[in-house]
Amino acid sequence: LVVRQLLEMESMDMTIVAFVRDYDKAIRVLYDDMLVANTNPKGPKLQIVEGDLVPSEELPGYPIQDQAEEQLWLENAKSAAKYFGNTVQDYDNRELLPDSNESLEEALKGCTTVISCLGSFRPTNIWTDLLARPLWRLLRPDVSQWCTDARHPYYVHYTSTRKALGYVEREQRRREAAVAVAASTSEESTTTATKTMQVPRIRFIRISDLGVAQKPWHFVAWVTNVVQSVVFRYHEMAEQLLESSSIVETVVLRPGDLVDEERVRRGYSFGK
């Protein structure tokens, strides 16, 4: 819905980068919109980038699961190094492997606005979330020590927002540094040049949830948190991340439920 509304801004010359989990599904859903947009020489263009905001490497237990493979690699490397007379480090090409977050970082470069539509529907797992460990653990918002479910709102809402915000802030600093370098080499004084070469701040917009406005003990919020892995807590934590940023401009929206039907406008009159 967000992508389609952006594509309707026909007078805007911009590139919309849609960062998605499933490239094929995105093509199926947005095919007609992308076809119209990319044939319009003046309007916005659509680019689809596939990536994983919660890669398995960032989930607890991943290095442990990989120990057997690591040990096998080390044994083979030692054997080859002994045979050819070189070192084990000569066979270590792990630095050449692609970074799991590279596609996200590249998608955010050059951006002027980021719109986060992240969402998670993860039912509470009675065993792993409640019974397998002491209940006092629920008071700790960080689940990275025990939860391996990438759908958990801690990862989808909080850590993904933290990661994306970090890349956006880095991009903002890079632009400001480039302007500072340009200003220092200008014929004008550094102070004057810096004033005339201000860097627009990147805007980070996050679509949150109306339920965050409710108190945790409110019936709707309480039931939702119990059933859906304390989802409102992580919405609020993501909002606090954005509010604490002094480097980029941030906006938090708390819409109600999204529906396919267009809402009916009603007029109301008030009398004394």
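Position labels on residues start from 1 in each chain and follow its written sequence. Whole-chain, interface and lining totals are the exception, using all residues; otherwise, since this is a predicted model, local features are given only for residues with pLDDT of at least 70 and side-chain atom pairs are given and counted only at 80 or more. Side-chain figures throughout are based on the complete set of non-hydrogen atoms in the structure, without hydrogens or water.

### Observations regarding the overall build of the protein chain
Now for step 1: A run of H or I in DSSP counts as a helix once it spans at least four residues, and a run of E counts as a strand once it spans at least two, with each numbered from the N terminus. Along the backbone of the protein chain there are ten helices and five strands.
Now for step 2: Note on exposure labels: buried denotes an accessible area under 20% of the residue type's maximum, exposed denotes more than 50%, and partly exposed covers the range between, all computed with a 1.4 Å probe on protein chains only. With 272 residues in all, the protein chain has 31% of them scored as buried.
Now for step 3: Nonlocal contacts in the protein chain, meaning residues at least 24 apart in sequence, comprise 74% of its contacts between residues at least 6 apart.
Now for step 4: In the form shown here, the protein chain has an accessible surface area of approximately 19,000 Å², with 55% of it arising from carbon and sulfur atoms. The contact criterion used is simple: two residues touch if any of their non-hydrogen atoms lie within 4.5 Å. Only the protein chains shown count as cover for residues, with accessible areas throughout obtained via the Shrake-Rupley method and a probe of 1.4 Å.

### Describing the side chain of serine 160
Now for step 1: On the secondary structure map, serine 160 appears in helix α7 (residues 153-184).
Now for step 2: Taking the relative accessible area as the measure of exposure, serine 160 reaches 1% and is therefore buried.
Now for step 3: When near neighbours in sequence (up to four residues on either side) are disregarded, serine 160 contacts Leu53, Val54, Leu118 and Tyr155.

### Focus: a nonpolar patch on the surface
Now for step 1: A cluster of nonpolar side chains, contributed by Ile126, Trp127 and Leu131, occupies part of the molecular surface with about 370 Å² of accessible area.
Now for step 2: Mapped onto the fold, tryptophan 127 is located in helix α6 (residues 126-131).
Now for step 3: For tryptophan 127, a relative accessible area of 56% puts it in the exposed group. A patch consists of residues exposed above 30% relative accessible area that lack any salt bridge, with like charges linked at up to 9 Å and nonpolar side chains (Val, Leu, Ile, Met, Phe, Trp, Tyr) linked at up to 5 Å. Only one rule defines a salt bridge in this text: a Lys or Arg side-chain nitrogen within 4 Å of an Asp or Glu carboxyl oxygen.

### Some thoughts on the packing of aromatic side chains
Now for step 1: What counts as a ring pair is set by centres within 6.5 Å for rings of Phe, Tyr and Trp (its six-membered ring), and what kind of pair is set by the plane angle: stacked under 30 degrees, edge-to-face over 60, tilted for all other angles. Counted under the stated rule, the structure contains three aromatic pairs.
Now for step 2: Ring centres of tyrosine 154 and tyrosine 158 lie 5.6 Å apart, and the angle between their planes is 35°; on these two criteria the pair is classed as tilted. You can see tyrosine 154 and its partner tyrosine 158 sitting in helix α7, four residues apart, about one turn around the helix. Comparing tyrosine 154 with tyrosine 158, the two get one shared label, buried.
Now for step 3: Feature note: the residues Tyr154, Tyr155, Tyr158 and Tyr234 constitute an aromatic cluster, connected by ring pairs.

### With respect to the pairing of strand β2 (residues 45-50)
Now for step 1: The pairing criterion for strands is at least two bridges between them, as found by DSSP. In this structure, strand β1 (residues 15-20) lies alongside β2, joined through six bridges in parallel fashion. Bridge pairing links valine 17 to glutamine 47 in β2.
Now for step 2: A right-handed crossover is one whose linking path, passing over the helix from the first strand to the second, runs clockwise when the strands point away from the viewer. What joins β1 to β2 is helix α2 (residues 23-39), and the crossover it makes is right-handed.

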